[in-house]
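Chain by chain, the residues:
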Amino acid sequence: MIYNNDSNDNELVISSVQQPSMDPFFIFGLLLLALFLSVSFLLYLSRRAYASLPNPPPGKLGFPVVGESLEFLSTRRKGVPEKFVFDRMAKYCRDVFKTSILGATTAVMCGTAGNKFLFSNEKKHVTGWWPKSVELIFPTSLEKSSNEESIMMKQFLPNFLKPEPLQKYIPVMDIITQRHFNTSWEGRNVVKVFPTAAEFTTLLACRVFLSVEDPIEVAKISEPFEILAAGFLSIPINLPGTKLNKAVKAADQIRDAIVQILKRRRVEIAENKANGMQDIASMLLTTPTNAGFYMTEAHISEKILGMIVGGRDTASTVITFIIKYLAENPEIYNKVYEEQMEVVKSKKPGELLNWEDVQKMKYSWCVACEAMRLAPPVQGGFKVAINDFVYSGFNIRKGWKLYWSAIATHMNPEYFPEPEKFNPSRFEGKGPVPYSFVPFGGGPRMCPGKEYSRLETLVFMHHLVTRYNWEKVYPTEKITVDPMPFPVNGLPIRLIPHKHQ
Ligand SMILES: *[C@@H]1O[C@H](CO)[C@@H](O)[C@H](O)[C@H]1NC(C)=O
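This is a predicted model, so every value here is computed, not measured.

S.K.: Kindly report on the site of the ligand, identifying the contributing residues and their values.
M.R.: By nearness alone, every residue bordering the ligand is listed as I175, Q178, R179 and N182. Side-chain polar atom of N182 to an oxygen atom of the ligand: 2.2 Å apart, as the coordinates give it. Contact with the protein chains covers 38% of the free accessible surface of the ligand, which is 360 Å².

Next comes the structure, spelled out in structure tokens:
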């Protein structure tokens, strides 16, 4: 789950980065003020637009400015984010309803038909939309990508994140994962899963994207990253001292650190001291695009920053929920353990994991998918209508925000019988119906980091279950969604090492 922060590839993925320790009511107070000052006029205009359009989708815009944001946020806080959509589908219409959330008058498109419509009408009726805070942190998300060059760039990076080029990084992922377990798990009684998983995903990204392994160099990227994460979906006020302002500065700091690494790498490659294939950044430095030019260091650093932002807390969330559900379902844990031990038995001692091994981890991947179904890190996303059109018999006007909700199909018994139940076998055989399971979004803007995150998750699961069993420290730890699903205590677990280790 990685952002494609390309110019013109600016889809809002609403739960991008964990914002730890922020009181939602405090934020909400500030949000209200900011919105009142800056957005109310726009909102007034868009309300008028709704009013003047015959036959808009049914639904309520709620209080002025605030809209229905309070309820949207409170269902998340209570860990039942799907309730917001389900209540309105029952009350107004099963296909589409209008609301006003986070300062935007929005049509929520529901069910597999809604997902399908939004994912397959890119550039025809809809396009991605970022909130202001994201635009300020990633100025290139504003760039209009009409020119040849940026269109090329957009196609270019995902090529390096496809299964085939990523295969050769599996042994590297294996070494980094082992090292992570050696330093952050081995010998410990209790591990707090979420922060530990975030440490792992950052370390792995630094190695696979940049060949950075030295803890001091990793810290240059990971420390400002915490600040960036906190401001990523913050209120859109860029004044000294605000979270957003700090995030914008932190992003610049990381970009600079990456540019330094790239400059050094370019020299090393020219002097044959580094391999042009050793990491994603080096491949981007040494591979010309189809049009024959090379990407600049600034452009590559922007890409890498986007990948780390998009990939870090999303993957940590997936790992956290896999560990939670395996603790709660010992029979499923046993099946994963057996599958992974088969892989261990098929290898020589010390031999690193490779592509064939990962292909054998089928049940483990079903478990990961089921964790992403119940707790999708990306709960949904915004788009914007680029022309007037009719959807399900209702008029949608150009400029309206459109929202797709992953959690609303994931938790719908029509697509997933007994949706509350953790049941990885749903993903065996033909699997879920099309457009019902959408943790990576879909269509041309589907998360380009899907395969990277699959490999990272499976290699992690391999070392986790072959080393340990575990139990939750807090058996009934609550889940909240802010903006990603999150066990409120960070999921501390008690480790039970296997005897054979
Ligand atoms: C992890 O620790 C084990 C046991 O001490 C050792 O054999 C292995 O080489 C270590 N792996 C890494 C990558 O540091």
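S.K.: Now, about the pairing of strand β9 (residues 401-405): what can you tell me, with residues and values included?
M.R.: Most of β9 is tucked away, with five of its five residues classed as buried. Side chains K401, Y403 and S405 project from β9 onto one buried face, and the interleaved L402 and W404 project onto a second face that is buried too. In the sheet, strand β3 (residues 104-109) pairs with β9 via four bridges, with the strands oriented parallel. By the bridge assignment for β9, T106 is matched with K401.

S.K.: Summarise the side chain of E68; cite the residues concerned and give the values.
M.R.: Tracing the backbone through its elements, the reader meets E68 in the loop between α2 (40-52) and α3 (69-77). At a separation of 3.1 Å, a polar atom in the side chain of E68 contacts the side chain of R88.

S.K.: Residue-level account of the sheet that holds strand β5 (residues 190-192), with values.
M.R.: Reading across from one edge, β5-β13-β10 is the order of the three strands in this open sheet, with antiparallel pairing throughout. This sheet does not close on itself; its edge strands, each paired only once, are β5 and β10 (468-472). Ignoring strand direction, the axes of neighbouring strands in this sheet form an average angle of 40 degrees. Here helix α19 (residues 450-467) sits on the sheet and contacts β10 and β13 (492-497); the angle it forms with β10, its principal contact strand, is near 85 degrees.

S.K.: Describe in detail the layout of surface pockets, supporting the description with residues and values.
M.R.: Roughly 460 Å³ of internal volume is contained in the second largest pocket. If you go around the second largest pocket, you meet 28 residues; those closest to its centre are P195, A198, E199, E226 and R312. Of all the secondary-structure elements, those providing two or more residues to the lining of the second largest pocket are α9 (170-184), α10 (193-210), α11 (215-231) and α14 (297-328). Sorting elements by how many residues they give to the lining of the second largest pocket places α10 first, with seven residues.

S.K.: Describe the environment of I493, listing the residues and the values that go with them.
M.R.: As for its placement among the helices and strands, I493 is situated in strand β13. The spatial distance from the C-alpha of I493 to the C-alpha of V193 is 7.0 Å, given a sequence separation of 300 residues.

S.K.: Any chance you could break down the environment of E135 for me, citing the residues and the numbers?
M.R.: Relative to the elements of secondary structure, E135 occurs in helix α6 (residues 132-137). Looking at E135, the relative accessible area reads 18%, which means it is buried. For the pair E135 and F232, spaced 97 residues apart in sequence, the C-alpha separation works out to 9.6 Å.

S.K.: Go over the packing of α10 against α19, please, and point to the residues and values.
M.R.: Between α10 and α19, the shortest axis-to-axis distance is 12 Å and the interhelical angle comes to 125 degrees. Classified by the angle between their axes, α10 and α19 sit oblique to one another. You can see that α10 and α19 cross each other, and the crossing is right-handed. Contacts between α10 and α19 involve F200, T201, L204, A205, V208 and F209 on the former and, on the latter, Y452, E456 and F460.

Here is what the cut-offs are and how they apply
Residues numbered from 1 in each chain as written. Predicted model: local features only at pLDDT ≥ 70, side-chain atom pairs only at ≥ 80, totals over all residues. Heavy atoms only, no water. Near = heavy atom within 4 Å. Polar contact = N/O pair within 3.5 Å; in protein donor to acceptor, adjacent residues only side chain to side chain. Areas by Shrake-Rupley, 256 points an atom, 1.4 Å probe, with all protein chains shown as cover. Buried < 20%, exposed > 50% of the residue type's maximum accessible area, 1.4 Å probe, protein only. Helix = DSSP H or I, 4+ residues; strand = E, 2+ residues; numbered from the N terminus. Pairing = 2+ DSSP bridges. Axes fitted to C-alpha atoms, helices over the stretch in contact; angles between N-to-C directions. Contact = heavy atoms within 4.5 Å. 1 Å grid on protein atoms, 1.4 Å probe; cavity = no way out; pocket = protein on both sides within 12 Å on 5 of 7 lines; lining within 4 Å. Points joined across faces, edges and corners; volume = space filled by probe spheres on them. Parallel < 35°, antiparallel > 145°, perpendicular 65-115°, else oblique. Left-handed = near helix turned anticlockwise from the far one by under 90°.

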